[in-house]
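# Descriptive analysis of the structure
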Amino acid sequence: MRPLVATIDLAAIRHNYAVAKRCAPGRQAFAVVKANAYGHGVREVVSALYDEADGFAVASLEEAAEVRAMHGEARILLLEGCFAAEELPMAAHLQLDLVVQGLAQIEALLAAELPRSLNVWLKLDSGMHRLGLSADEVRRQFPRLRAAAQVAELNLMSHFACADERGHSLTELQLECFLDLLDLDFDQRSLANSAALLTIPAAHMDWLRPGIMLYGATPFADPSAAELGLRPAMSLTAQLIAVREVAAGESVGYGATWIAERPSRIGTLSCGYADGYPRHAPSGTPVWLGGRRVPLVGRVSMDMLTVDLTDLPEAAVGAAAELWGANLPVDEVARAAGTIGYELLTKVTARVPRRYNA
Ligand SMILES: *Cc1c(COP(=O)(O)O)cnc(C)c1O
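Every value quoted in this text rests on a predicted model; they were computed, and no experiment measured them. (Residues numbered from 1 in each chain as written. Predicted model: local features only at pLDDT ≥ 70, side-chain atom pairs only at ≥ 80, totals over all residues. Heavy atoms only, no water.)

## Re the overall build of the protein chain
The following threshold applies: Think of it this way: any DSSP run of H or I at least four residues long counts as a helix, any run of E at least two long counts as a strand, and we number them from the N terminus. In this scheme, a residue with accessible area under 20% of its type's maximum is buried, one over 50% is exposed, and one in between is partly exposed, where area comes from a 1.4 Å probe on protein chains only. We call two residues in contact whenever any of their non-hydrogen atoms come within 4.5 Å of each other. Using a 1.4 Å probe, accessible areas were evaluated by the Shrake-Rupley method; residue-level cover was limited to the displayed protein chains. Counted charges follow a simple rule, with Lys and Arg positive, Asp and Glu negative, and His plus the chain ends left uncounted. A charge is said to be at NZ when it belongs to Lys, at CZ for Arg, at CG for Asp and at CD for Glu.
Looking only at helices and strands, the protein chain features 11 helices and 18 strands. Dimensions of the protein chain, computed from C-alpha atoms along their principal axes, come out at roughly 75 × 40 × 35 Å. Each of the 358 residues in the protein chain was classed as buried or not, and the buried ones make up 54%. Intrachain contacts of the protein chain at a sequence separation of at least 6 include 65% that bridge at least 24 residues. Counting only carbon and sulfur atoms, one obtains 52% of the accessible surface of the protein chain, whose full area is about 15,000 Å². Here the protein chain holds 32 positive side-chain charges and 42 negative ones, and the gap between their average locations is 4 Å.

Below, the structure written as structure tokens:
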């Protein structure tokens, strides 16, 4: 078997969910498990949180059906609503909590003949300008939806654009926009993603929507996940499959982009961009090997990448190497590669086997 595995620590996910709940006592939380639970495996994550989570949030009807098959009771929030009117009967059948994010979705809902009414989350565009109705439009639509037979609970939600940047002026404006609508008697309110949950108590409302923090990564540049009390859920572990000496002046890898400045010891690891490791990660990106960080050198290949082991002479073929995880925060690798932990976690490809620790 190819020596590359993503080990998922389900106890860490349970711990991180508990951290989220502790940040906002008395509130409920949709554990966000879209995109295969940020790459961790939706079935296993839903099982791990079966008793703890108040609900789950997903991005499509297909994802919702998968969660419903695992959990007959839980509230399941369909974050972008139905993409076509034809999906509404299935959404009702699955007893989803349905976001409506635009006028077309409202008209489709009010025209639908459904086997049962749905909890509806009216989405306010409070300033991100991606999905949702303007505040005026929310006011106009509120009475129609309140009176509709298709609607059980009528709830309000919105989403922050910059909650990960402390003190961003847009966050304040978005919060004000949301609070301005609370004279309407919505049943439930939801505004906070991980970043807002961790730093903006005024945004906690009734239902939290933690995603990235459940997986032990931070939405912030600073503080780190560890400083937030979060435990990394995924460790991506490869093996050192070859070691060679390279003379000063010789290059390593495709494009010969990295050139040894000194006689160097180069290690080859069994992980590449077809596994989801970012191809654009530059030389110097850290890899955890032999109890320390060693630098990536040269271009990342499809199935392999190379590291400089010159300062780690004891490293031998067969040694384990962690691309990110328990020893090397995914956020640190993401920063070196010019991206965010979200992208690295969600892009681990299907060929990487997931192993689960309860
Ligand atoms: C993905 C998503 C979340 C979770 O965001 P995190 O930053 O991962 O906590 C919350 N709300 C909505 C609408 C989302 O799409």
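## Section: the environment of Arg265
Looking at the secondary structure, you find Arg265 in strand E13 (residues 264-269). Residue Arg265 is classed as buried on the basis of its relative accessible area, which comes to 15%. Each C-alpha atom of the pair Arg265 and Pro223 lies 35 Å from the other, and the pair is 42 residues apart in sequence. With residues near it in sequence (within four places) discarded, Arg265 still touches Val243, Arg244, Glu245, Val307, Asp308, Leu309, Thr310, Leu312, Pro313 and Ala315.

## Considering empty space enclosed by the protein
This is how the line gets drawn: Only protein atoms enter the 1 Å grid, on which a cavity is a set of points fitting a 1.4 Å probe that cannot get out and a pocket is an open set with protein on both sides within 12 Å along at least 5 of 7 lines, lining residues being those with an atom within 4 Å of a point. Grid points are joined across faces, edges and corners, and a volume is the space filled by probe spheres set on the points.
Tallied over the entire structure, the rule returns one cavity of 30 Å³ or more. A volume near 60 Å³ is recorded for the largest cavity. Around the largest cavity, the lining residues are Lys123, Leu124, Asp125, Ser126, Gly127, Met128, His129, Arg130, Leu131, Ser158, His159 and Gln174.

## A few points about the nonpolar core
The following threshold applies: Definition of nonpolar core: a set of buried residues of the types Ala, Val, Leu, Ile, Met, Phe, Trp, Tyr and Cys, connected through side-chain atoms within 4.5 Å. Residue ranges assigned to each domain were obtained from an automatic or database domain assignment.
If you look at the biggest cluster of nonpolar residues, it comprises 121 residues, and the most contacted ones within it are Val33, Leu109, Tyr277, Leu323 and Trp324. For this core, the leading source of residues is helix H1 (residues 10-23), giving five residues. Split by domain, the residues of this core number at least three in each of domain 1 (10-215) and domain 2 (234-357). Setting aside its immediate chain neighbours within four residues, Leu109 contacts Leu88, Leu98, Val100, Leu114, Leu118, Val120, Leu145, Gln150 and Val151. Counting six residues, the second largest nonpolar core, distinct from the first, contains Val246, Val252, Trp258 and Val297.

## As for the pairing of strand E10 (residues 234-246)
Inclusion rule: Pairing between strands is defined by DSSP: at least two bridges between the two strands are required.
Direction of pairing for strand E1 (residues 5-9) relative to E10: antiparallel, over a ladder of four bridges. When the sheet's bridge partners are listed, Ala6 is paired in E10 with Leu236. Examined bridge by bridge, E10 and strand E17 (residues 320-324) share four bridges and lie antiparallel to one another. Across the sheet, residue Gln239 finds its bridge partner in E17, namely Ala320. Across six bridges, the pairing between E10 and E13 is antiparallel. Looking across to E13, one finds that Val243 is bridged to Gly267.

## Quick notes on helix H6 (residues 103-111)
Given 3.6 residues per turn, any residue in an α-helix points the same way as the ones three and four places further on. Let me state the cut-off plainly: The reported arc concerns the directions from the helix axis to the C-beta atoms and nothing else.
Of all the positions in H6, only Gln105, Ile106, Ala108 and Leu109 are classed as buried. Angular distribution of buried residues about the axis of H6 spans 165°; they occupy a single face of the element. Facing away from the buried side of H6, by more than 90 degrees, are the exposed residues Ala104 and Ala111. Packed against the buried residues of H6 are helix H5 (88-93), strand E5 (97-100), strand E6 (118-123), helix H7 (135-147) and strand E7 (151-157).

## Quick word on the confidence of the model for the protein chain
This is how it is decided: As a per-residue measure, pLDDT reflects the predictor's confidence and takes values from 0 up to 100.
Confidence in the prediction for the protein chain averages 98 pLDDT; 100% of positions are at 70 or higher. When mean pLDDT is compared element by element in the protein chain, E17 scores highest at 99, while strand E18 (residues 354-357) scores lowest at 97.

## Considering unusual backbone geometry
The step from Asp222 to Pro223 runs through a cis peptide bond, and the omega angle for that step is 5°. Mapped onto the secondary structure, Pro223 falls in the loop between strand E9 (207-208) and E10. Phi is positive for Ala35, which is not a glycine, with a value near 50°. Within the secondary structure, Ala35 is located in helix H2 (residues 34-38). Looking at Ala35, the relative accessible area reads 37%, which means it is partly exposed. A positive phi angle, near 50°, is found at Tyr38, a position not held by glycine. Following the sequence through the fold, Tyr38 ends up in helix H2. On the accessibility criterion, Tyr38 (6% relative accessible area) is buried.

## Digging into the domain arrangement of the protein chain
Selection criterion: Throughout, the accessible surface (probe 1.4 Å) given up by two parts as they are put together, summed over both, is called the buried area. The term salt bridge refers to a pairing of a side-chain nitrogen on Lys or Arg with a carboxyl oxygen on Asp or Glu at a separation within 4 Å.
Taken domain by domain, the protein chain comprises domain 1 (10-215) and domain 2 (234-357). Centre-to-centre separation of domain 1 and domain 2, based on C-alpha positions: 37 Å. On the domain 2 side, the residues contacting the 10 residues of domain 1 number eight residues. Summing the contributions of domain 1 and of domain 2, the shared interface buries around 830 Å²; its carbon and sulfur component is 64%. Counting the contacts that link domain 1 with domain 2 gives zero salt bridges.

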